[in-house]
Amino acid sequence: MSDYTDILVEQDDAVLTIAINRPDAGNKFRHHTCLELLHALQRFRLDPALRAAVLTGTGEKFFCIGGEHEPIKSFDQSQVLPIIDVYQAIDVIPKPIVAAVNGFAVGGGNVLHTVCDLTIAADTAVFRQVGPMVGSFDAGYGSWYLEDTIGRKRAKEMWYLNRKYSAAQAREMGLANEVVPAAELRERAAEVARELATRSPMALGALKAAFSGRHNGVSGQARLAHDQYLSVYLATKEAHEMSEAFAERRQPDTESFWA
């Protein structure tokens, strides 16, 4: 699935840029868009040469204005829009992902940048939740993580009243880390990603697992333990001795572990 139709993917050294490429549809994500995003995110996770990613939208007007729900003729899980899988992938991949919000971030688009690790916004960006206006809602990432980001009262204000927030307002309330001129957005986001690529990958991965683990329960704890600590433990002489002793059907030399 390297020949994408709904997204554009570019690699510049250690940084992967993923852009939703449906500007005529407000960069809405449909079922196929989600599958392509998942494919690109998995590529990012598994490629050791890639250290950080930038998520954005094509064009100058839209970052992403949510989901394009296609009619479901009967309840079939295969037809459910797999955007939660995308949010989860962004949240748990042990590498930093920077959102470059180039325009309207509305509904699911606002959730999309919220679950990213950092948000750089163009000065022309607009942030909004419209669920109660259109008969929709987000009872997971879009509410819990938004509350973590901007506080309970602000998050309820955003969801209940459906107001538009400028980039400057988003920065003031903590919804965006930086605001830059629109013409400088892509370069600034790439610059931040390149800076992140110079940091300790294990430390960043452990920190990301720690932040996401608060809401991810056993899976969050498992990722912190398995993806970070276990990988270090398996390289120790203790792990090697225990494994070799088992294979050789002998008692392990546990006294050496305490030396």
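Source: prediction; values computed, not measured.

*Asks:* For this particular structure, what's the right way to read the nonpolar core?
*Replies:* Soluble, globular proteins show a tendency: their nonpolar side chains are buried together. In terms of nonpolar packing, the biggest core is built from 47 residues, with Ile-90, Leu-112 and Phe-127 touching the most fellow members. The next biggest cluster of nonpolar side chains, apart from the first, holds 13 residues, and it includes Ala-122, Leu-185, Ala-193 and Leu-196.

*Asks:* Even after reading the chapter, I still don't get the packing of aromatic side chains, so can you show me in this structure?
*Replies:* Given two aromatic rings, their pairing is described by the distance between the two centres and the angle made by the two planes. Counting across every chain of the model gives three aromatic pairs. Residues Phe-62 and Phe-104 carry aromatic rings whose centres are separated by 6.2 Å and whose planes lie at 45° to one another, so their mutual orientation is tilted. Note that Phe-62 is positioned in strand S4 (residues 62–64) and Phe-104 in strand S6 (residues 104–106), a separation of 42 residues in sequence. A residue is classified by how much of its surface remains accessible, and Phe-104, at 24% relative accessible area, is partly exposed. Note on Tyr-141 and Tyr-145: the rings are 5.2 Å apart at their centroids and 70° apart in plane angle, and the pair reads as edge-to-face. Of the two residues, Tyr-141 and Tyr-145 both sit in helix H5 (residues 141–150), four residues apart, roughly one turn of that helix. Accessibility expressed as a relative area gives 12% for Tyr-141, which makes it buried. Following the ring pairs from residue to residue traces out a cluster consisting of Tyr-87, Tyr-141 and Tyr-145. The cationic tip of Lys-95 hangs over the ring face of Phe-44; the distance from NZ or CZ to the ring centre is 5.2 Å.

Rules behind the numbers
- Residues numbered from 1 in each chain as written.
- Predicted model: local features only at pLDDT ≥ 70, side-chain atom pairs only at ≥ 80, totals over all residues.
- Heavy atoms only, no water.
- Core = buried A, V, L, I, M, F, W, Y, C linked by side-chain atoms within 4.5 Å.
- Buried < 20%, exposed > 50% of the residue type's maximum accessible area, 1.4 Å probe, protein only.
- Phe/Tyr/Trp six-rings, centres within 6.5 Å; stacked < 30°, edge-to-face > 60°.
- Helix = DSSP H or I, 4+ residues; strand = E, 2+ residues; numbered from the N terminus.
- Lys NZ or Arg CZ within 6 Å of the ring centre and 35° of its normal.

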